[in-house]
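Summary of the model geometry
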Amino acid sequence: MKEKNILEFLERTVDRYPDQVAVDDGQIILTWKELKELSMRFGTAFSRTVKEGKPIVFLMEKSGPVLAAMYGAVYAGCFYVIINPSQPAARIRDILQVLEPSLVVTEEGNLPLLNEAGYGGGCELLKDLFQEKIQEEKLRRIRENSCGSDLLYGIFTSGSTGKPKGITVSHQAVIRFITHFTRMFEIMDQDRIANQAPFDSDVSVKDIYSSMMTGARLVLIPRKMFMTPSVLLDHLCEKKITIMTWAVSALCLLSSLKGLDYKKPETVRKILFSGEVMPEGQLKRWMEALPDTEFINLYGPSEITCNCTYYEIKKDFTEEEQIPIGIAFPNERVFLLDEEDHLVTAENPGMLGEICVTGTALALGYYANPEKTAEVFVQNPLNRRYLEPMYRTGDLGRYGEDGELYY
């Protein structure tokens, strides 16, 4: 794969579909050409104050301009970290202490929150950067210095045990994962992707970069719409959504509140879900409402770049049955190890093992946390011949009598 920087896909898509809508956040619509230009403006601004390879933090809700700012961070040779302003100040303080950023980009209404978090570094308001003059030569030089192992983004774990950990993901990992993802699930430039997840969740990575790689329209669903299922379903129908890559909890919110009795988003051709085990009863409601839609169960933690397995649902599941997590993506190997690091195979149905992953899309570890990185990013104990990094998920899996892999 010759591409080493994700922006090569953005620029290729701009060449193909310059006037096609790239992102629609409900208030602002940007074409691919406009999105690239705005990204380069922001990138020029960021390159004045932030060194290459360093983080740029965006304390903002998702929007079209925020997406351009994320790409702008990459144009500046940096990596981006999104912090949702709905997070408590104490958690924001913890994240900023890990990153030690020289720049936080935000909007005026979030400045008190940033002060409460104790941040004393550089700060810019995004609205002040729209008129920046693009320095193409400077951005070109930055690109020439880039390589595939450069960081693209950081995502922070929930931090339920101690301080949150910053998962760092490279350009190459995202390129490899999304290339397979878009091909396997046949995402095309005519598609309209409904982005449910906030930008600080890796569920959104699939939306953002599937759109970038194919030219599909990215439709950002405002968080407030999830409070009123009828408004949300009206929006999905009005925007003629074709792809939904959503968290299980978001899908269940709509189906459990009987939103599908009100209206069915019949233009949707694929629903891919992840994040937790999908209740069979809720899946049945969705499948009955949309009988011609494909449903795919995805599994994988953020440390392996979004997902490592998928299962295409071809039958109805009863309340007693569990949905398998399926087979590995082409660029991954997924297997079970017992407590003594012996391989657990399908020949031992029901035997538990830790789900472990090797392949080309592993994260680079946890930012500024070598101890935690060394605990879970390890040498594959089944391979004593050459270096093969493996991620220990900490999740337990088993093979069923049917030979399928279950979480």
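Being a predicted model, the structure only gives us computed values, none of them experimental. (Residues numbered from 1 in each chain as written. Predicted model: local features only at pLDDT ≥ 70, side-chain atom pairs only at ≥ 80, totals over all residues. Heavy atoms only, no water.)

What to know about the overall build of the protein
- Tallying secondary structure elements over the protein gives 13 helices and 22 strands in all.
- For 407 residues, the compact-globule formula gives about 22 Å, and the C-alpha radius of gyration of the protein, at 21 Å, lands near that figure.
- A principal-axis box enclosing the C-alpha atoms of the protein has dimensions of 60 × 55 × 45 Å.
- Working note: accessible area of the protein is about 17800 Å², and carbon and sulfur atoms make up 49% of it.
- Side chains of the protein give 45 positive and 58 negative charges; the mean places of these two sets differ by 5 Å. (Helix = DSSP H or I, 4+ residues; strand = E, 2+ residues; numbered from the N terminus. Rg over C-alpha atoms; globule rule 2.2 N^0.38 Å. Areas by Shrake-Rupley, 256 points an atom, 1.4 Å probe, with all protein chains shown as cover. Lys, Arg positive; Asp, Glu negative; His and termini not counted. Charge placed at Lys NZ, Arg CZ, Asp CG, Glu CD.)

Things to note about the sheet that holds strand β11 (residues 243–247)
- One open sheet holds the nine strands; their spatial order is β2-β1-β10-β9-β11-β12-β13-β14-β15, and the pairing between them is mixed. Lying at the two open borders of the sheet, with one neighbouring strand each, are β2 (29–31) and β15 (327–328).
- Note that strand β9 (residues 192–195) and strand β10 (residues 217–220) share four bridges and pair parallel. Looking at the pairing, R192 lines up with R217 of β10. (Pairing = 2+ DSSP bridges.)

A word on the side chain of S211
- The topology assignment puts S211 in helix α8 (residues 203–214).
- Its relative accessible area of 2% is what places S211 among the buried residues.
- Of note is the side chain of S211, whose polar atom sits 2.7 Å from the backbone oxygen of A216.
- Leaving out residues up to four positions away in the same chain, S211 has contacts with A22, W32, I193, A216, R217 and L218. (Buried < 20%, exposed > 50% of the residue type's maximum accessible area, 1.4 Å probe, protein only. Polar contact = N/O pair within 3.5 Å; in protein donor to acceptor, adjacent residues only side chain to side chain. Contact = heavy atoms within 4.5 Å.)

As for the packing of aromatic side chains
- A complete count under the given rule lists 18 aromatic pairs for this structure.
- Between the aromatic rings of Y366 and F377, the centroid separation amounts to 5.8 Å while the plane-to-plane angle is 70°, which identifies the pairing as edge-to-face. With Y366 in strand β19 (residues 365–366) and F377 in strand β20 (residues 377–379), this residue pair connects regions lying 11 residues apart in the sequence.
- We classify Y366 as buried; its relative accessible area is 7%.
- For F377, a relative accessible area of 16% translates into the label buried.
- Grouping aromatic residues by their ring pairs yields a cluster made of F177, F181, F185, Y310 and F329.
- Note that K315 overlies the ring of F317, its terminal NZ or CZ placed 4.6 Å from the centroid.
- The ring of Y406 has R398 lying over it, and the distance from NZ or CZ to the ring centre is 4.7 Å. (Phe/Tyr/Trp six-rings, centres within 6.5 Å; stacked < 30°, edge-to-face > 60°. Lys NZ or Arg CZ within 6 Å of the ring centre and 35° of its normal.)

With respect to the packing of helix α1 (residues 7–16) against α8
- Contact geometry of α1 with α8 gives a least axis separation of 7 Å together with a crossing angle of 50°. Classified by the interaxial angle, the pair formed by α1 and α8 is oblique. Along the contact surface, α1 presents F9, L10, R12 and T13, while α8 presents M212, M213 and T214.
- Grouping the amino acids of the contact of α1 with α8 by side-chain chemistry returns four nonpolar, two polar and one charged. (Axes fitted to C-alpha atoms, helices over the stretch in contact; angles between N-to-C directions. Parallel < 35°, antiparallel > 145°, perpendicular 65-115°, else oblique. Nonpolar A, V, L, I, M, F, W, Y, C, P; charged D, E, K, R; others polar.)

Considerations on the sheet that holds strand β4 (residues 79–83)
- Spatially, the seven strands line up as an open sheet ordered β6-β5-β3-β4-β7-β8-β19, and their pairing is mixed. Each edge of the open sheet carries a strand with a single partner, namely β6 (122–125) and β19.
- Direction of pairing for strand β3 (residues 55–59) relative to β4: parallel, over a ladder of five bridges. Its bridge partner being in β4, P55 is matched across the sheet by F79.
- Contacting β7 (151–156) and β8 (166–170), helix α7 (residues 171–184) crosses the sheet at an angle of about 70° to β8.

Regarding α1
- Listing the buried residues of α1 in full gives L7, F9, L10, E11, T13 and V14.
- Taken together, the buried residues of α1 touch α2 (32–49), α3 (64–75), α6 (136–144), α7 and α8.

What to know about unusual backbone geometry
- In the Ramachandran plot, T305 falls in the positive-phi region, its phi being about 60° despite a non-glycine side chain.
- Inspection of the secondary structure puts T305 in the loop between β13 (294–299) and β14 (309–312).
- Since its relative accessible area comes to 1%, T305 is described here as buried.
- In this structure, D341 is a non-glycine residue whose phi angle is positive, near 65°.
- Examined against the element boundaries, D341 turns out to sit in the loop between β16 (332–337) and β17 (343–344).
- Among the residues examined, D341 registers a relative accessible area of 24% and is labelled partly exposed.

Considerations on the packing of α2 against α3
- Look at α2 against α3: their axes get within 7 Å of each other, and the N-to-C directions meet at 55°. When the axis of α2 is compared with that of α3, the two are oblique. For the crossing formed where α2 meets α3, the hand is right-handed. Within the contact between the two elements, α2 uses L35, K36, L38, S39, M40, F42, G43 and F46 and α3 uses G64, P65, L67, A68, A69, Y71, G72, A73 and Y75.
- Of the residues contributing to the contact of α2 with α3, the split by class is 12 nonpolar, four polar and one charged. (Left-handed = near helix turned anticlockwise from the far one by under 90°.)

Overview of the environment of S39
- Counting through the fold element by element, S39 comes out in helix α2.
- For the pair S39 and R285, spaced 246 residues apart in sequence, the C-alpha separation works out to 41 Å.
- Setting aside residues up to four positions removed in sequence, S39 forms contacts with A68, Y71, G72 and Y75.
- A distance of 3.3 Å separates the side chain of S39 from the backbone oxygen of A68, its partner in a polar contact.

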